[in-house]
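Structure assessment
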Amino acid sequence: MATCQQGCTPAVRLCQKLNRLKTFDDDMMATALKRCLSTLDLTLLGVGGMVGSGLYVLTGTVAKDIVGPAVILSFLFAGFASLLAALCYAEFGARIPKTGSAYMFTYVSVGEVWAFLIGWNVILENMIGGAATARAWSGYLDSIFNHAIQNFTETHIMRWDVPFLAHYPDILAAGILVVASLFISFGVQVSSYLNHIFSMISMCVVVFILVFGFMLAEPANWSQKEGGFAPFGWSGILAGSATCFYAFVGFDVIASSSEEAKNPQKAVPIATAISLGLAATAYILVSTVLTLIVPWHTLDPNSALADAFFRRGYSWAGVIVAVGSICAMNTVLLCNLFSLPRIVYAMAEDGLFFKMFARVNPITKVPVNAILVFGVLMAIMALIFDLEALVQFLSIGTLLAYTFVAASIIVLRFQPEKKHSKETSSTSPNPNAAPSPAPSECQNISEDSEELKQYESFSDKLQLVERQKIRERRGAGQLKAHWEPYLGRVLGNCEPGEVVALCVLGLLVTSVSFCSVLVFGVTQLQLPSWSYITLLLIFSLAYVLCLAVIWVHEPQTNTKTFQVSALSKQKRLSYPFFLYCVRCHLDRHEVFLFLFSIGTSGSTYSRRQYSLQCIPYDEAQSSNLD
């Protein structure tokens, strides 16, 4: 028996190392990077990451092929789903002002092995998404000049017909990535200024589209003669929501920049909410204008806005739209190249990647090695690879990252608060001294003695009731005192937070199982009606049971940073799965990611897939930074 225990010891240690959590013992605001980003800077970063060329192309694609004029509702539902995910990132970014985004959030709450997987998942997403954006930028610019660049490259340089490779080397796409990487390596302020310029130009173009578009609007384009407002019904609206969801995935660049923000506890939540609101408003209003200018079934999915103005006789407006589209793609490209090296830097600093990428330039205060190396790798991908096959798998990575962040929020909310070593070392310097009673015990003794006196006023009685409520409140991750007599024998012996973590895993499993049976139960699985209904009931009850078990535990209550209120955090885990399964059910040929063409060059663009021990932030330090 002893031999068996000794043999299992290495495996147990390995599991403990794989699941260890990252802790922060020092000041959370201490960093080798430069904290210089304000709330405005973070807001424009978020707007630049979300309002890309999808505003100019995605709206027409979804309106014509999936939804019709009801694309407005699709963007509204997708914006609400994105808000739930964005609030998770905002809470983490305010509570843990460190770079790394989903990687860091998973590391501090779930474990090292899961953080390693999520980190590489986010890196690949950003690399492929950035390369696809560069190829889209190149294709759009080439289409303006009648494909002169493509024709010259194929004629004088080379052309090949190899699977997974592009038909010709896209030198322009690789060049723009190298140039953008050089600008970003000059420092965070240079990156912020460039993003400000391109974002402001893009927003001015959007304002022009709205003002001029509403002047040309014809309400008859929503009439029954043209097919009505929702020609594809609610199924089309929900399918469009699943596609439009990926138009908002750039908000995590704000959380990735939290280590370079002056006051992340306030700036990150505010910037996330404002940028997402601006992006959703822009998408909804532009969709309204687009479907009112021309009938929805006549839209050109490759260049809907420019073609709509051209057909109304205002070809000069198409030039303005082209300028706005190029500036919008520049902002997406900058945000992509801005967040990717910081995730690599965070992994290298934790020892999960090469240490050379953790070096910060002493002058620019940015990880120059990570910026240049991964910028060149991204340029090579854009130069030779046909990214359509790889881009189709990006949405599953986005779904995985969002799900882990939402799950990590719940797990972290119910983790017991750990005390700092400084506090424990300063309590009793003499080990031979008699142990003094804990402060909580002294407080209980004094409160018990106070209860014995005669209370003469009503306010004294209210104070007594409040003290009793505080005394009944237990630590985070433990059963609430009210439920201890009923569930104490079953759940009382578990470690604080352990039951909640298992229930979060149960939420994930039941969500996936419920959606899988709902979508594939009748068709692919060919289940009988009684079996189909039984499985749905079982998974529904299991889901509700997991929520109930989480509810009977005490959450953390004394955190001073931003927390999501008036929202059910658990619902965020199921809603993306629901949209994803509706999308699979209605269009099985585009299971993972929508692709759309820009211009007539045939180049494709994928919407950017961006995809503890907490020390409360000192409010005095916050005022000094401001």
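Residues numbered from 1 in each chain as written. Predicted model: local features only at pLDDT ≥ 70, side-chain atom pairs only at ≥ 80, totals over all residues. Heavy atoms only, no water.

1. A few points about the overall build of the protein chain
Note the threshold: Here a strand is any run of E in DSSP of at least two residues, a helix any run of H or I of at least four, and the numbering for each starts at the N terminus. Buried means the residue's accessible area, taken with a 1.4 Å probe over protein chains only, is under 20% of the maximum for its type, while exposed means over 50%, and partly exposed covers the values in between. Computed by Shrake-Rupley with a 1.4 Å probe, the accessible areas treat only the displayed protein chains as cover when residues are assessed.
Scanning the protein chain from N- to C-terminus turns up 25 helices and 2 strands. Relative to its full complement of 626 residues, the protein chain shows a buried share of 52%. Accessible surface for the protein chain amounts to roughly 28500 Å². Of this, 65% is attributable to carbon and sulfur atoms.

2. Side note on the pattern of salt bridges
Using the following cut-off: Put simply, a salt bridge is a Lys or Arg side-chain nitrogen that is within 4 Å of an Asp or Glu carboxyl oxygen.
In the structure shown here, the tally under the stated rule is 5 salt bridges. Between Arg342 and Glu260 there is a salt bridge, with its nearest N and O atoms 2.6 Å apart. Here Glu260 lies in the loop between helix H11 (252–256) and helix H12 (264–293) and Arg342 lies in helix H14 (residues 315–349), a separation of 82 residues in the sequence. Accessibility expressed as a relative area gives 0% for Arg342, which makes it buried. Asp307 is the salt-bridge partner of Arg311, the closest N and O atoms lying 3.7 Å from each other. Of this pair, Arg311 and Asp307 both sit in helix H13 (residues 304–311), 4 residues apart, which is roughly one turn of the helix.

3. Some words on the packing of helix H2 (residues 39–50) against H12
The condition that has to hold: Lines are fitted to the C-alpha atoms to define the axes, a helix being fitted only along its stretch in contact, and any angle between axes, read from their N-to-C directions, falls within 0 to 180 degrees. Take the far helix as your reference; a near helix turned counterclockwise from it by less than a right angle gives a left-handed crossing, and one turned clockwise gives a right-handed crossing. By definition, residues are in contact when any of their heavy atoms lie within 4.5 Å. Only Asp, Glu, Lys and Arg are considered charged in this grouping, and only Ala, Val, Leu, Ile, Met, Phe, Trp, Tyr, Cys and Pro are considered nonpolar; every other residue, Gly among them, is considered polar.
With their axes 8 Å apart at the nearest point, H2 and H12 run at an angle of 35° to one another. Every pair of crossing elements has a handedness; the one defined by H2 and H12 is right-handed. Residue-level contacts link Thr39, Leu42, Thr43, Gly46, Val47 and Met50 of H2 to Ala267, Val268, Ile270, Ala271, Ile274, Ser275, Leu276, Leu278, Ala279 and Tyr283 of H12. Within the contact of H2 with H12, the residues separate by chemical class into 12 nonpolar, 4 polar and no charged.

4. Observations concerning the environment of Met158
If you trace the backbone, Met158 turns up in the loop between helix H7 (148–156) and helix H8 (171–184). When the C-alpha atoms of Met158 and Pro169 are compared, they prove to be 7.5 Å apart, with 11 residues separating the residues in sequence. Setting aside chain neighbours within four positions, we find Met158 in contact with Thr153, Tyr168 and Pro169.

5. Concerning the packing of aromatic side chains
To describe a pair of aromatic rings, one takes the distance between the centres and the angle between the planes. Heads up, the condition is: Ring pairs shown here join Phe, Tyr and Trp side chains whose ring centres sit within 6.5 Å, with only the six-membered ring taken for Trp; geometry is labelled stacked below 30 degrees between planes, edge-to-face above 60, and tilted in between.
Taken as a whole, this structure holds 30 aromatic pairs when the rule is applied. Ring centres of Phe75 and Tyr283 lie 4.9 Å apart, and the angle between their planes is 20°; on these two criteria the pair is classed as stacked. Separated by 208 residues along the polypeptide, Phe75 in helix H4 (residues 71–95) and Tyr283 in helix H12 bring together distant segments of the chain. Plain terms: the ring middles of Tyr89 and Phe251 are 5.5 Å apart, the flat faces sit at 75° to each other, and that makes the pair edge-to-face. Within this pair, whereas Tyr89 is found in helix H4, its partner Phe251 is found in the loop between helix H10 (233–244) and H11, the two being separated by 162 residues in sequence.

6. Some words on the packing of helix H3 (residues 54–67) against H4
Stated formally: Orientation is classified from the angle alone, with under 35 degrees giving roughly parallel, over 145 giving roughly antiparallel, 65 to 115 giving roughly perpendicular, and any other angle giving oblique.
Between H3 and H4, the shortest axis-to-axis distance is 10 Å and the interhelical angle comes to 115°. Considered as vectors, H3 and H4 are oriented roughly perpendicular to each other. Of the two possible hands of crossing, H3 and H4 adopt the one that is right-handed. Counted together, Leu58, Thr59, Val62, Ala63 and Val67 of H3 and Val71, Ser74 and Phe75 of H4 form the full contact between these two elements.

7. Quick notes on the confidence of the model for the protein chain
Definition in use: Looking at any residue, its pLDDT shows the predictor's confidence there, from 0 to 100.
Of the residues in the protein chain, 77% have a pLDDT of 70 or more, and the chain-wide mean is 76. The low-confidence segment residues 420–456, where pLDDT is below 50, has 18 contacts with residues more than four positions distant or belonging to other chains. This stretch, residues 566–626, has a pLDDT under 50; its non-local contacts, to residues over four places away or in other chains, come to 207 contacts.

8. Things to note about the nonpolar core
Defined as follows: In plain words, nonpolar cores are sets of buried Ala, Val, Leu, Ile, Met, Phe, Trp, Tyr and Cys residues tied together by side-chain atoms within 4.5 Å.
Tyr56, Phe75, Tyr89 and Phe248 are the most contacted members of the largest nonpolar core, which has 118 residues in total. The dominant element in this core, judged by the number of residues it contributes, is H14, at 15 residues. Sequence-distant contacts of Tyr89, that is, excluding residues within four places in its chain, are made with Ser101, Ala102, Phe105, Phe251, Asp252, Ala255, Ala401, Tyr402 and Val405. Of all hydrophobic cores here, the second largest spans 16 residues; its members include Phe414, Leu479, Leu491 and Val552.

9. Considering the side chain of His553
Applicable threshold: For the purposes of these results, a polar contact is taken to be a pair of N or O atoms within 3.5 Å, where, inside protein, one atom must be able to donate a hydrogen and its partner to accept one; residues adjacent in sequence count only when each atom of the pair is a side-chain atom.
With respect to the helices and strands, the residue His553 is situated in the loop between helix H23 (529–551) and helix H24 (571–586). Looking at His553, its side chain comes within polar contact range of the main-chain oxygen of Val549, at 2.7 Å. In this view, His553 contacts Phe414, Gly477, Gln478, Leu479, Lys480, Leu491, Val499 and Val500; residues no more than four positions away in its chain are not counted.

10. Some details on the environment of Ile209
In this structure, Ile209 sits in helix H9 (residues 188–215). Not counting residues up to four positions away in its chain, the partners in contact with Ile209 are Tyr56, Phe214, Val289, Leu305, Phe309 and Val321.

11. Overview of a nonpolar patch on the surface
For clarity, the cut-off: Two distance rules govern patches: like charges are joined within 9 Å, and nonpolar side chains (Val, Leu, Ile, Met, Phe, Trp, Tyr) within 5 Å, applied only to residues with over 30% relative accessible area and no salt bridge.
A surface patch of nonpolar side chains, amounting to about 500 Å² of accessible area, comprises Val178, Val179, Leu182, Phe183, Phe186 and Leu372. Looking at the secondary structure, you find Val178 in helix H8. With a relative accessible area of 35%, Val178 lands in the partly exposed category.

12. Re the side chain of Ser191
Note that Ser191 resides in helix H9. A relative accessible area of 6% means that Ser191 is categorised as buried. Within polar-contact distance, the side chain of Ser191 engages the backbone oxygen of Gly187 at 3.2 Å. Setting aside anything within four residues of it in sequence, one finds Ser191 in contact with Phe183, Ile184 and Phe338.

13. Quick notes on unusual backbone geometry
In this model, Ser101 sits at a positive phi of 55°, which is unusual for a non-glycine residue. Relative to the elements of secondary structure, Ser101 occurs in the loop between H4 and helix H5 (102–109). According to the relative accessible area criterion, Ser101 is buried, its value standing at 0%. Positive phi outside glycine occurs at Lys365, with the angle close to 60°. Here Lys365 is to be found in the loop between H14 and helix H15 (368–384). For Lys365, a relative accessible area of 31% translates into the label partly exposed.

14. A look at the state of the cysteines
The criterion, for reference: Two cysteine sulfur atoms make up a disulfide if the distance between them is within 2.5 Å.
As enumerated under the stated definition, the model contains 0 disulfides in all. With no disulfide of its own, Cys204 has Cys327 as its nearest cysteine by sulfur position, at a separation of 9.9 Å. We classify Cys204 as exposed; its relative accessible area is 52%.

15. Structural notes on the environment of Ala85
For Ala85, the position within the fold is in helix H4. With relative accessibility at 10%, the residue Ala85 sits in the buried group. Taking C-alpha positions, Ala85 is 8.1 Å from Val405, a pair spaced 320 residues apart along the chain.

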